[in-house]
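# Notes for the structure review
Chain residues, written in single-letter form:
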Amino acid sequence: MQIYNKYIIPVPQNLLQRIDRTSSPAHIGKLRNAVDFIVPQNTPVLAAADGKVTYVKDDSNVGGLDPSYWNYTNFIAIMHQNGEYTRYDHLERNSAKVRAGQQVQAGQEIARVGMTGYTYTPHLHFQVFVFTGYNLWTDFDTIEINEFI
Ligand SMILES: [Zn+2]
């Protein structure tokens, strides 16, 4: 199977203010390859490639600029055909439009941007990752995104 690493920008481009890879203090260690898309709150979040939803959490309404909010992020994870996963964080409460196990297409709206978890400004935290074990919270590593298409 051909390994590719191409994803679309997971927010509507007309709402994208900037792409920021380095401002977040959380983008270190395993999260060093994460990308923040600075957008207004409630911006649609789009699947970055075709895949299957593996995890959805959207029941939190807690967040802000404090690391103690880390575990309160709402997020979605999607598995892609090449063995890579994408993850979308800080989603608005009750905004998920997909369920675990559901197939999605690139560009499909999956949720809305919120301010849940450890977040400094409204944005979508996005990462491409692979599993290094079985635990979604700890056993992963992010991989560099070569390009967005
Ligand atoms: Zn981030």
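The notes below deal with the structure included here.

Rules and cut-offs
Numbers given to residues run from 1 along each chain, matching the order in which its sequence is written. A pLDDT threshold of at least 70 governs which residues receive local features in this predicted model, and a stricter bar of 80 or more applies before side-chain atom pairs are shown or counted, although totals over entire chains, interfaces and linings include all residues. Values shown for side chains rest on all heavy atoms present in the structure; no hydrogens or waters enter the calculation. We define the nonpolar core as a collection of buried residues of types Ala, Val, Leu, Ile, Met, Phe, Trp, Tyr and Cys that are connected through side-chain atoms lying within 4.5 Å of one another. Here's how the labels work: a residue is buried when its accessible area is under 20% of the maximum for its type, exposed when over 50%, partly exposed in between, all with a 1.4 Å probe on protein chains only. Where helices and strands are cited, they refer to DSSP runs of H or I of at least four residues and of E of at least two residues respectively, numbered from the N terminus. Donor criterion used throughout: N, O or S atom within 2.8 Å of the metal, extended to 3.2 Å for Na, K and Ca. Water excluded; incomplete-looking sites may result. For each structure, a 1 Å grid was placed over the protein atoms alone; sets of points admitting a 1.4 Å probe that cannot get out are labelled cavities, open sets with protein on both sides within 12 Å along at least five of seven lines are labelled pockets, and lining residues have an atom within 4 Å of a point. Grid points are joined across faces, edges and corners, and a volume is the space filled by probe spheres set on the points.

### Focus on the nonpolar core
Formed by 26 residues in total, the largest nonpolar core has its most connected members in Phe37, Ile76, Ile78, Tyr88, Ile110, Leu124 and Phe126. Where this core is concerned, the elements lending two or more residues are β3 (35–38), β7 (75–79), β10 (109–112) and β12 (123–131). At three residues, β12 tops the list of elements feeding residues into this core. By size, the runner-up hydrophobic cluster in this structure holds six residues, among which are Leu31, Tyr85, Leu136 and Phe140.

### Here's the deal with the coordination of the zinc ion
Around the zinc ion, the protein supplies His27 (NE2), Asp36 (OD) and His125 (ND1) as donor atoms, at distances of 2.0 to 2.1 Å. Along the chain, the residues donating to the zinc ion fall in the pattern H-x8-D-x88-H. The same class applies to histidine 27 as to aspartate 36, namely buried.

### Here's the deal with the layout of surface pockets
Using a probe with the size of a water molecule, rolled over the atoms, empty space left in the structure can be pinpointed. Quantified by volume, the largest pocket comes out at close to 310 Å³. Around the largest pocket, the lining is made up of 20 residues, and of these Leu31, Trp70, Arg87, Asp89 and His125 lie nearest the centre. For the lining of the largest pocket, the secondary-structure elements that each account for two or more residues are β8 (85–89) and β12. Take the lining of the largest pocket: its biggest share by element is three residues, from β12.

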